[in-house]
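Results of the structural survey
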Amino acid sequence: MTALDGATVTEGMVEWQGRKTWYRVVSLPGPGSGQGSQQAPLVICHGGPGLTHDYLTSVAELVSTGRTCVLYDQVGNGRSEHHGDAPAEFWTPELFVDELQVLIGHLGIADDFHLLGHSWGGMLALELAVRRPPGLRSIVVADGFASSWTYREEVARLLSELPPDVREPIERHEAAGTTGSPEYQAAVRAFYGRHVCRARPVPGELLRTLEYVATNPTVYEAMMGPSEFTMTGTLRSWDIRDRLDRVQVPVLLVSGRHDEVTPRAVEEIQRGVPHAEWVLFEESSHMPHLEEPDRFRTVVETFLARQSGPTAGTATSVGRG
């Protein structure tokens, strides 16, 4: 049994600007049942860029507290329309901010909602927050950073600290452009085991997402580049530090002690948003929601519960706009 047992799950597709985005709404059954009618829904944004919602499915277990949760696959990924022939410059942060705003409007929750974003999804949540949408209640930024420059510096440092038998193949194949080599892939998996997900065995929902990316790396390569170590895509100059003072809603920062998004990278968000809370998970790397799931849910539930009472003064339901 999980917290999702007994929940009502509805799926749909929103069409916008010639594109299609798939979404899933998880809620308690029946209108106004439990506490659902008293709590603003939570929209969950996946990372990558280029991943799918699958590895964040467990986050939707927050529905057990009576809070409706929305999962979706960002355009170009998973069950959404792929646009595989689009040029690299098509895949920009602005595209995904527009998509998120359309989805929120389509579901009829624009007057009252929370955001939780993981990694790139957390950066997306910050991008929306600095635009100050009136219905945004709070954001949870899990394992996200404020500056691509800092992220690159910190990943380079983590790489330099790896054992030689892991570091050397990564550096050699990155330099030669032979990142498809089995030797390189094995070394990258060792890095991931230290700094991306330390849970063993690797959770099935994460494996499903990684299998998808392996077969369709379009968005990841366009926005990040060939790997975590070489950021050459459209995010290479992304930097929100000078706009963070526009964030006015409550902010929870979550990250892992062993995270590839290091404490130094997360600290830049806290400096820019002085009122932000920050919880560092000592036993986790980049995925505390999978590495320390019980504590993660407790921390997020507690934070969201403090943002009590709908902003509009009425109950919020989720459906087609």
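Notes on the structure in this doc start here. Please read these numbers as outputs of a predicted model, since none were measured by experiment.

1. Observations regarding the packing of helix 1 (residues 93-106) against helix 2 (residues 120-129)
The interhelical angle for the contact between helix 1 and helix 2, taken along N-to-C directions, is 75°, at an axis separation of 10 Å. It follows from the interaxial angle that helix 1 and helix 2 lie roughly perpendicular. For the pair formed by helix 1 and helix 2, the contact residues are Pro93, Phe96, Val97, Leu100, Gln101 and Ile104 on the first element and Trp120, Leu124, Glu127 and Leu128 on the second. Tallied by class, residues from the contact of helix 1 with helix 2 come to eight nonpolar, one polar and one charged.

2. Concerning the pattern of salt bridges
The full count for this structure, using the stated rule, is 20 salt bridges. A salt bridge links Glu127 to Arg243; its shortest N-O distance comes to 2.9 Å. Placement of Glu127 in helix 2 and of Arg243 in the loop between helix 7 (218-223) and strand 7 (251-256) is noted, with a sequence separation of 116 residues between them. Residue classification places Glu127 among the buried positions, given a relative accessible area of 2%. Assessed through its relative accessible area of 26%, Arg243 is described here as partly exposed. Between Glu171 and Arg167 there is a salt bridge, and its shortest N-O distance comes to 3.8 Å. One end of the pair, Glu171, and the other, Arg167, are both in helix 4 (residues 164-176), four residues apart, so they sit about a helical turn from each other. On the basis of relative accessible area, Arg167 is assigned to the partly exposed category, the value being 22%.

3. So, the sheet that holds strand 2 (residues 19-27)
Spatial ordering of the open sheet is given by 1-2-4-3-5-6-7-8, a layout of eight strands whose pairing is mixed. In the strand order of this sheet, the two ends are held by strand 1 (8-16) and strand 8 (277-281), each with one partner. Each strand axis lies, on average, 20° off the axis of its neighbour in the sheet, ignoring direction. Pairing of strand 5 (residues 113-118) with strand 6 (residues 136-142), which is carried by six bridges, proceeds in the parallel orientation. Note that in strand 6 the partner of Leu116 across the bridge is Val140.

4. Quick word on the layout of surface pockets
Its volume calculated, the largest pocket comes out at about 940 Å³. What lines the largest pocket is a set of 37 residues, among which Val188, Tyr192, Leu210, Val213 and Glu228 lie closest to the centre. The greatest single-element share of the lining of the largest pocket, amounting to six residues, is contributed by helix 5 (residues 182-195).

5. With respect to the side chain of Gln74
On the secondary structure map, Gln74 appears in the loop between strand 4 (69-73) and helix 1. With relative accessibility at 0%, the residue Gln74 sits in the buried group. Beyond its immediate chain neighbours, meaning those up to four positions away, Gln74 contacts Cys45, His46, Ser80, Phe96, Glu99, Trp120 and Leu124.

6. Side note on the packing of helix 4 against helix 5
Two elements in contact, helix 4 and helix 5, have axes whose closest approach is 8 Å; the angle formed by their N-to-C orientations is 130°. On the basis of their axis angle, the class for helix 4 and helix 5 is oblique. In this structure, helix 4 meets helix 5 at a crossing whose hand is left-handed. Only Glu183, Tyr184, Ala187, Val188 and Ala190 of helix 5 make contact with helix 4, whose side of the interface consists of Val166, Pro169, Ile170, Arg172, His173 and Glu174.

7. Notes on the nonpolar core
Membership of the largest hydrophobic core comes to 66 residues, with the highest contact counts inside it found for Trp91, Phe96, Leu100, Leu115, Ile139 and Ile170. When residues in this core are grouped by element, the largest group, seven residues, is from helix 2. Beyond its immediate chain neighbours, meaning those up to four positions away, Leu100 contacts Val43, Cys45, Tyr72, Leu115, Leu124 and Leu128.

8. A few points about helix 6 (residues 204-215)
Between its first and last C-alpha atoms helix 6 spans 17 Å; for twelve residues at 1.5 Å apiece the expected length is 16 Å, and the two agree. Listing the buried residues of helix 6 in full gives Glu205, Leu206, Thr209, Tyr212 and Val213. Viewed along the axis of helix 6, the buried residues span an arc of 120°, placing them on a single side of the element. Turned more than 90 degrees from where helix 6 packs its buried face, Glu211, Ala214 and Thr215 sit exposed. Against the buried residues of helix 6 lie helix 9 (288-291).

What counts as what
- Residues numbered from 1 in each chain as written.
- Predicted model: local features only at pLDDT ≥ 70, side-chain atom pairs only at ≥ 80, totals over all residues.
- Heavy atoms only, no water.
- Axes fitted to C-alpha atoms, helices over the stretch in contact; angles between N-to-C directions.
- Helix = DSSP H or I, 4+ residues; strand = E, 2+ residues; numbered from the N terminus.
- Parallel < 35°, antiparallel > 145°, perpendicular 65-115°, else oblique.
- Contact = heavy atoms within 4.5 Å.
- Nonpolar A, V, L, I, M, F, W, Y, C, P; charged D, E, K, R; others polar.
- Salt bridge = Lys/Arg side-chain N within 4 Å of Asp/Glu carboxyl O.
- Buried < 20%, exposed > 50% of the residue type's maximum accessible area, 1.4 Å probe, protein only.
- Pairing = 2+ DSSP bridges.
- 1 Å grid on protein atoms, 1.4 Å probe; cavity = no way out; pocket = protein on both sides within 12 Å on 5 of 7 lines; lining within 4 Å.
- Points joined across faces, edges and corners; volume = space filled by probe spheres on them.
- Left-handed = near helix turned anticlockwise from the far one by under 90°.
- Core = buried A, V, L, I, M, F, W, Y, C linked by side-chain atoms within 4.5 Å.
- Expected span 1.5 Å × (residues − 1).
- Arc of directions from axis to C-beta.

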